[in-house]
Structures are given as C-alpha cells and as structure tokens.
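The residues making up each chain are set out below.
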Amino acid sequence: MNAKDCCNILTQAGIRPTSTRILVYEAIAEEKNTFSLGDLEERLPSIDKSGLFRTLTLFHDHRLIHSVDDGSGSLKYCFCHNHGNCREEEEHCHFYCEECRKTYCLDQDLIPHVDLPEGFIPRKINYIVKGICANCAKRKHL
C-alpha cells in the first residue's frame with residue numbers, strides 16, 4: 001500500500017493524514033496476523049512509543065484496527081481489511097499459541113452469535129482458541 005492510498009483511507013475514516021499516521025498505517029497494512037505496540041516499536045524505531053500508542057488508539061476508535069485480548073497480558077491488534085467498514089458481525093476468532101506466544105487471525109471463522117438475556121448490553125466480543133500453532137507443533141515433532 002502506498003502513501004496516497006493510506007491518505008485516502010485515513011481521510012475517508014475521518015482522520016487527518018500526518019506523516020506518522022501514514023507510516024503506521026503502511027506498517028500495519030502489511031501485517032498478516034495480530035501485532036502489539038511493542039511489535040510496532042521494533043518496526044518503527046523513529047516514532048516514539050506515546051506517538052504509536054496515540055495513533056493506535058485513534059485507528060481503533062475509527063475501526064481501522066481491532067483489539068484482541070489474548071490473555072497474554074499484552075493487548076494485540078489486527079488490521080481491518082475493510083478500512084473501517086467492518087461490522088460487528090464480521091468479527092473473527094483468533095488462535096493464541098502457548099509455545100511461541102503469537103496470536104493468529106482466523107479470518108474464515110466468524111465469532112458465533114450469542115443470544116444475551118434481555119437488558120444485557122455487549123461491548124466487546126473476544127473469541128480465543130489456545131493451543132500450539134502449526135510451526136511450533138512441527139518443531140516439537142522433529
């Protein structure tokens with residue numbers, strides 16, 4: 001994704017495109033699975049942690065990314081491929097590897113609908129499968 005595409009997506013999402021926001025959006029658009037603030041710090045050492053955090057918060061608020069609490073103690077994010085047009089019913093499941101501690105998006109597996117009792121108001125849905133990923137399983141059997 002080039003800077004012009006990033007500018008258009010950010011503008012359409014109601015975000016003023018700055019150089020920092022464009023750099024961060026370009027970086028996260030390349031991510032195939034989840035990423036953390038620490039992952040972005042390593043990838044973008046020229047941007048300070050507070051700037052990255054503010055940008056992630058802004059992107060999250062405009063639904064350009066989704067947050068995932070995988071139980072590892074470090075909040076993960078995943079890129080919204082619909083550029084902020086994701087609906088709640090499109091939220092997908094995630095897989096947390098207990099060996100390498102990576103969290104993978106299971107885009108093909110949508111979070112199942114849950115009928116809540118009357119008066120209950122959902123705010124966040126999180127569906128995590130925990131186990132051992134294919135790469136770690138292969139290493140264990142070699």
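Residues numbered from 1 in each chain as written. Predicted model: local features only at pLDDT ≥ 70, side-chain atom pairs only at ≥ 80, totals over all residues. Heavy atoms only, no water.

For the rest of this paragraph, the subject is the overall build of the protein chain. Per the secondary structure count, the protein chain includes five helices and six strands. In the protein chain, the order of α-helices and β-strands from amino to carboxyl end is α-α-β-α-α-β-β-β-β-β-α. Out of the 142 residues in the protein chain, the part that is buried amounts to 37%. Here the contacts in the protein chain between residues at least 6 apart in sequence split such that 50% fall between residues at least 24 apart. Accessible area for the protein chain stands at about 9100 Å²; split by element, carbon and sulfur atoms hold 50% of it. Of the charged side chains in the protein chain, 18 are positive and 21 negative; the average position of the first set lies 5 Å away from that of the second. (Helix = DSSP H or I, 4+ residues; strand = E, 2+ residues; numbered from the N terminus. Buried < 20%, exposed > 50% of the residue type's maximum accessible area, 1.4 Å probe, protein only. Contact = heavy atoms within 4.5 Å. Areas by Shrake-Rupley, 256 points an atom, 1.4 Å probe, with all protein chains shown as cover. Lys, Arg positive; Asp, Glu negative; His and termini not counted. Charge placed at Lys NZ, Arg CZ, Asp CG, Glu CD.)

The next point concerns the sheet that holds strand β3 (residues 76-79). If you trace the three strands from one edge of the open sheet to the other, you get β1-β3-β2, paired in antiparallel fashion. Across the chains shown, the open sheet's two edge strands, defined by having one partner strand only, are β1 (35-36) and β2 (65-68). In this sheet, β3 lies alongside β2 in antiparallel orientation, the contact comprising four bridges. Opposite serine 67, over in β3, you have tyrosine 77 as the bridge partner. On the sheet, helix α4 (residues 49-61) packs against β1, β2 and β3 and is oriented at approximately 105° with respect to β2. (Pairing = 2+ DSSP bridges. Axes fitted to C-alpha atoms, helices over the stretch in contact; angles between N-to-C directions.)

With that out of the way, let us pick up helix α2 (residues 19-29). For α2, the set of buried residues is Ile22, Val24, Tyr25, Ala27, Ile28 and Ala29. Where α2 is buried, its residues meet α1 (3-12), β1, α3 (37-43), α4, β2 and β3.

Sheet strands associate in pairs through backbone hydrogen bonding, adopting either a parallel or an antiparallel arrangement. Here we have three strands laid out as an open sheet, ordered β5-β4-β6, and mixed in their pairing. Lying at the two open borders of the sheet, with one neighbouring strand each, are β5 (103-110) and β6 (128-131). Here the average twist between neighbouring strands, direction ignored, is 25°. Relative to β6, strand β4 (residues 92-97) runs parallel, the two being bridged by four bridges. In the sheet register, phenylalanine 95 faces β6, and the bridge partner there is valine 129.

Helical periodicity: at 3.6 residues per turn, an α-helix aligns residues three or four positions apart in one direction. Residues of α1 that are buried: Cys6, Ile9 and Leu10. The buried residues of α1 occupy one face: seen down the axis, they fall within an arc of 95°. Opposite the packed face of α1, turned more than 90 degrees from it, sit the exposed residues Lys4 and Gln12. In the core, the buried residues of α1 are packed alongside α2 and α4. Where α1 begins, the capping side chain belongs to asparagine 2, and its oxygen is found 3.1 Å from the backbone nitrogen of lysine 4. (Arc of directions from axis to C-beta. Polar contact = N/O pair within 3.5 Å; in protein donor to acceptor, adjacent residues only side chain to side chain.)

The subject of this paragraph is the pattern of salt bridges. Taken as a whole and judged by the stated rule, the model has three salt bridges. With its nearest N and O atoms 2.9 Å apart, the salt bridge here joins arginine 43 to glutamate 31. Separated by twelve residues along the polypeptide, arginine 43 in helix α3 and glutamate 31 in the loop between α2 and β1 bring together distant segments of the chain. With relative accessibility at 36%, the residue arginine 43 sits in the partly exposed group. Overall, the relative accessible area of 18% leaves glutamate 31 in the buried class. One salt-bridge network, held together by shared partners, links Glu30, Glu31 and Arg43. (Salt bridge = Lys/Arg side-chain N within 4 Å of Asp/Glu carboxyl O.)

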